[in-house]
Amino acid sequence: MTYSKSQVQRLVGWSTQECEWQQVGPLKVGYLIRAYFHLAKKDNISVELIWDLGWLVEPDLNPRDKFRTTDVHVGYSQKPMWEEVPDLMASFLVAIPEDPTEAFREFEEIHPFVDGNGRVGALLYNWRNGTYAPNDLVFPPNLWDDPRREGVTLL
């Protein structure tokens, strides 16, 4: 598929803003765009695709063939123990919520990777939401009241 200049600008702008919110550097913008194109070719979500996306956005921190093998905290929130993640993700994939916001919330609460969960979640949110074309991309809802995400829109 060929993208217009405005579509490329929109994709880069969306990716840059997501990476800024995640407080990761410009190299990660390229990684997020690479993951975007990988998901754009897919018709369904699988464990292997989720692994690929996690690895594509954070190749130095996430393995390509499994979920995290350490416990993580996000702010004051303890995420599920790493041993629970494979079963939680299997259940998630069997019955992904129809509502994109609920699917995003559930994915983020499982937090299957050491890092990059928000970026993968944002991709999946748009894929599920029907806003995956570059000109349609939106930011996932600010479910955790992150003040960095208040009032920001994509031009």
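See the structure printed just above.
Residues numbered from 1 in each chain as written. Predicted model: local features only at pLDDT ≥ 70, side-chain atom pairs only at ≥ 80, totals over all residues. Heavy atoms only, no water.

A. The overall build of the chain, seen in detail. Across its full length, the chain carries 6 helices and 2 strands. Element order for the chain, N to C, with α for helix and β for strand: α-α-α-β-β-α-α-α. Against the 2.2 N^0.38 benchmark of 15 Å for 155 residues, the chain shows a C-alpha radius of gyration of 15 Å, consistent with a compact globule. Dimensions along the principal axes, computed over C-alpha positions, put the chain at roughly 45 × 35 × 30 Å. Counting over 155 residues, the chain shows a buried share of 45%. For the chain, contacts bridging at least 24 residues in sequence account for 57% of all contacts bridging at least 6. Taken as a whole, the chain presents about 8300 Å² of accessible surface, with 54% of it coming from carbon and sulfur. The chain carries 15 positive and 23 negative side-chain charges, and their two centres are separated by 7 Å. (Helix = DSSP H or I, 4+ residues; strand = E, 2+ residues; numbered from the N terminus. Rg over C-alpha atoms; globule rule 2.2 N^0.38 Å. Buried < 20%, exposed > 50% of the residue type's maximum accessible area, 1.4 Å probe, protein only. Contact = heavy atoms within 4.5 Å. Areas by Shrake-Rupley, 256 points an atom, 1.4 Å probe, with all protein chains shown as cover. Lys, Arg positive; Asp, Glu negative; His and termini not counted. Charge placed at Lys NZ, Arg CZ, Asp CG, Glu CD.)

B. Geometry of helix H6 (residues 117–129). Compared with the 18 Å implied by 1.5 Å per residue over 13 residues, the 17 Å span of H6 between its first and last C-alpha is a close match. Those residues of H6 not exposed but buried are Asn117, Gly118, Arg119, Val120, Gly121, Ala122, Leu123, Leu124, Tyr125 and Asn126. For H6, the secondary structure elements touched by its buried residues are helix H1 (5–21), helix H2 (26–40), helix H3 (47–57) and helix H5 (100–110). Residue Gly130 follows H6 closely and has a positive phi angle near 80 degrees. (Expected span 1.5 Å × (residues − 1).)

C. Quick peek at the side chain of Arg119. One can find Arg119 in helix H6. Within polar-contact distance, the side chain of Arg119 engages the side chain of Glu58 at 3.0 Å. Ignoring anything within four residues of it in the chain, the contact list for Arg119 reads Cys19, Gln22, Val24, Lys28, Leu32, Val57 and Glu58. (Polar contact = N/O pair within 3.5 Å; in protein donor to acceptor, adjacent residues only side chain to side chain.)

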